[in-house]
There are 2 protein chains.
Amino acid sequence: MPPVNRVCRLAARPIGLPKSSDWEVTDEPVASPGAGEFLVRVEYLSIDPAMRTWMNAGRSYVPAVEIGEVMRAGGIGRVIDSRHPDFAAGDHVYGVFGVQRYALSDGSGVTAVDTTVAPAPAHLGVLGVSGLTAYFGLLDVGRPQPGQTVVVSGAAGSVGSIVGQIARIHGCRVIGIAGGEEKCRWLLAELGFDAAIDYQATDLRKQLKTHAPNGIDVFFDNVGGTALEAALSRLARGARVVLCGAISQYNTSGELRGPANYMQLLVARASMAGFVVFDYADQYSEAVVQLANWLRSGELRSREQVVNGDVADFPEVLLSLFRGHNTGKLILEIDAETQ
Amino acid sequence: MPPVNRVCRLAARPIGLPKSSDWEVTDEPVASPGAGEFLVRVEYLSIDPAMRTWMNAGRSYVPAVEIGEVMRAGGIGRVIDSRHPDFAAGDHVYGVFGVQRYALSDGSGVTAVDTTVAPAPAHLGVLGVSGLTAYFGLLDVGRPQPGQTVVVSGAAGSVGSIVGQIARIHGCRVIGIAGGEEKCRWLLAELGFDAAIDYQATDLRKQLKTHAPNGIDVFFDNVGGTALEAALSRLARGARVVLCGAISQYNTSGELRGPANYMQLLVARASMAGFVVFDYADQYSEAVVQLANWLRSGELRSREQVVNGDVADFPEVLLSLFRGHNTGKLILEIDAETQ
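Residues numbered from 1 in each chain as written. Chains lettered and ligands numbered in written order. Predicted model: local features only at pLDDT ≥ 70, side-chain atom pairs only at ≥ 80, totals over all residues. Heavy atoms only, no water.

Colleague: Honestly, the pattern of salt bridges in this entry has me stumped. Any pointers?
Modeller: Pairing between side chains becomes possible if they bear opposite charge and their charged atoms approach one another. The full count for this structure, using the stated rule, is 30 salt bridges over all chains. Linking A:Arg237 and B:Asp279 is a salt bridge whose minimum nitrogen-to-oxygen distance equals 3.9 Å. You can see A:Arg237 sitting in strand β12 (residues 235-243) and its partner B:Asp279 sitting in the loop between β13 (271-274) and α9 (284-297), one on each of two chains. On the accessibility criterion, A:Arg237 (57% relative accessible area) is exposed. (Salt bridge = Lys/Arg side-chain N within 4 Å of Asp/Glu carboxyl O. Helix = DSSP H or I, 4+ residues; strand = E, 2+ residues; numbered from the N terminus. Buried < 20%, exposed > 50% of the residue type's maximum accessible area, 1.4 Å probe, protein only.)

Colleague: Is there a simple way to explain the relation of the copies chain A and chain B in this structure?
Modeller: What relates the two chain copies is a rotation about an axis together with a slide along it. Take chain A, turn it by 180°, move it 0.0 Å along the axis, and it overlays chain B with an RMSD of 0.0 Å. Such a combination of rotation and displacement between the chain copies is what one expects of a two-fold axis. Residues of chain A ranked by C-alpha distance from the rotation axis are headed by A:Gly258, positioned 2.1 Å from it. The fraction of interface residues of chain A whose copies in chain B are also interface residues reaches 100%, indicating that both copies meet through the same surface. (Least-squares fit on C-alpha atoms with pLDDT ≥ 70 in both. Contact = heavy atoms within 4.5 Å.)

Colleague: Would you take a moment to explain the UniProt feature "domain: Enoyl reductase (ER)" (unreviewed entry) in chain A for this structure?
Modeller: Mapped onto the present numbering, the UniProt feature "domain: Enoyl reductase (ER)" (unreviewed entry) falls on residues 16-332 of chain A. As a span, residues 16-332 of chain A carries 27% helix and 25% strand, and end to end its C-alpha atoms are 22 Å apart. (UniProt positions renumbered as here; feature names shortened; annotations may be inferred.)

Colleague: Explain the domain arrangement of chain A here, please?
Modeller: Accessible area lost on assembly of the parts is the figure often given for the size of an interface. All names here are of chain A. Domain annotation of chain A identifies domain 1 (4-124 + 302-334) and domain 2 (129-278). Measuring from the centre of the C-alpha atoms in domain 1 to the corresponding centre in domain 2 gives 28 Å. Listed as interface residues are 21 residues of domain 1 and, on the opposing side, 14 residues of domain 2. For the pair domain 1 and domain 2, the two sides together bury roughly 1400 Å², of which 62% comes from carbon and sulfur. For domain 1, the biggest contributors to the area lost against domain 2 are Tyr 61, Arg 303 and Thr 327; these three give 25% of the whole. Taken together, the connections running from domain 1 to domain 2 amount to 0 salt bridges. Across the domain 1-domain 2 interface, the total number found is 5 residue pairs in polar contact (both at pLDDT 80 or more). Looking at the side of domain 1 that touches domain 2, the elements that each hand over two or more residues are α1 (50-54) and α10 (314-322). Considering every element that reaches the side of domain 1 that touches domain 2, the biggest residue donor is α1, with 3 residues. (Domains from an automatic or database assignment. Buried area = accessible area lost by both parts, 1.4 Å probe. Polar contact = N/O pair within 3.5 Å; in protein donor to acceptor, adjacent residues only side chain to side chain.)

Colleague: Is there a simple way to think about unusual backbone geometry in this case?
Modeller: With the exception of glycine, the majority of residues adopt a negative phi angle, and the majority of peptide bonds are in the trans configuration. All names here are of chain B. Phi is positive for Arg 143, close to 45°, though the residue is something other than glycine. Within the secondary structure, Arg 143 sits in the loop between α2 (129-142) and β8 (149-153). Given a relative accessible area of 42%, Arg 143 falls into the partly exposed group.

Encoded structure:
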């Protein structure tokens, strides 16, 4: 039997949480690389909150995924056939290959993955876009100083868990906001956070007052909604709010919730800034060296939650992300055997 | 008859628009200055949107006015009796004298007013806190570059009208948002704005698209609400949003409205920052020299709307501000004759 490319396409723009009818999973013939192209067997897919925003129409930092298009996803795979001078069969590569088993590429945006530094999944997490997002967002936008208080929401997630650790390495006092006792225990016991607040079990504002008595110098936000409002109400003079994500708002079918107390930015003489990691592409390599060094020395710990499955499992794995079930980086491993 | 000090005190914390029962106007004896003090006959009171925020309990950039306290207000008056070495009877002075006919002062925060440079009311407007707020907010926080597009909301107000003119002087393309055809005509014909949008009569988002086809580089916000959201949806890459005020939200009795599309800051790699003019106190004098030079050369025009009245008229004059009836700086002149 010739290999089959199982592909997950966007079938409709979701309202609220994506439902199965918003997707179309089809089996298609595997394309053959033309001149200057190569074929990748996709092995690991990065599952990210931002994916939900790519499914909406309208102005964003990347074009929306169109109806009928292969769902966009970063992934790692192996080149299995190449007519491209820079890529050879057997190479491990990273690229935005999409939610499919086989991807044809002309090499744009594709980088080599060195699995001797760390196993492939780490290259989607701490050494990939998640780690780079944490690194540039915290250091370049947040600009934390030693001794300052850094608060991160979505602290047990792929970006948040790295933000907190980099802040700790920089000599900051680090407070994580996460959902559930187990995640909080992980932040404290494994990642060296100074405090972890379970927003599901406690009064977030009160806990921030307790753990950040002198206010928050840097708030790195992955969540939005009430987490953002709670942090705004506790900003220190001159604080920086780093906007990375707003997962609490991505599946809202009603009106989005802006921070009602945004004028606290005035009270605190603070600023709130957004960033997009792609703008730092020319500094990726030095950041990856730094992240890899911390990883090797044990100062930085990474956790990937790898779910074994098939392209057809993607919709359900994405939903599990929004249910907050994962700790660390969520990855879908595309099993070669399933047909 | 000995002089009477008519005083307006806060009687209750307003819900929504302040009503007459939120105030208590009383006639009290005029105090005599002790050693190191002087007595001021308050002649002009600055009427500002921020006053409404001072009436609320809770964390802000200045302490709340307490129930029973004289309502806080900046004012200009004349020293009529002094036991202070630096102030003599006859001096024109600016200070936070409060809504009352006579104020006792020890000189803290009081500065001399040179009425040979401009008449007293201008020292509450373009040469006072309003002008300084526009100057530092635009130049230091907004950092406009020649050729960039600057949009200001509340453009016909005391701060907004000066922001737009300073931006024009700096070689920017200036778009004002104001309520009503007459205000817009004033911005275009008298102040040299490049465009003026009457938000009451037109679709603000569409108009911003028309007048800022390459996006907004600096948005100076005095209004909040839908004006802020409309501007956020049109930000140019790297834009700065300057938070100065949020008059649309000050009299809301329900929940405050945060900008639902604040994540446009990420899309545009933009920042939103608050500031408080008092932080620039050590640079006031050089700014006033600059503003006075522009005023003299005719590059900068100021308009003060002076309402003649009495301390007892303050509540009504404040309400007229929130009804958007004023153009330029609103000032209450306290008539000496009324008893």
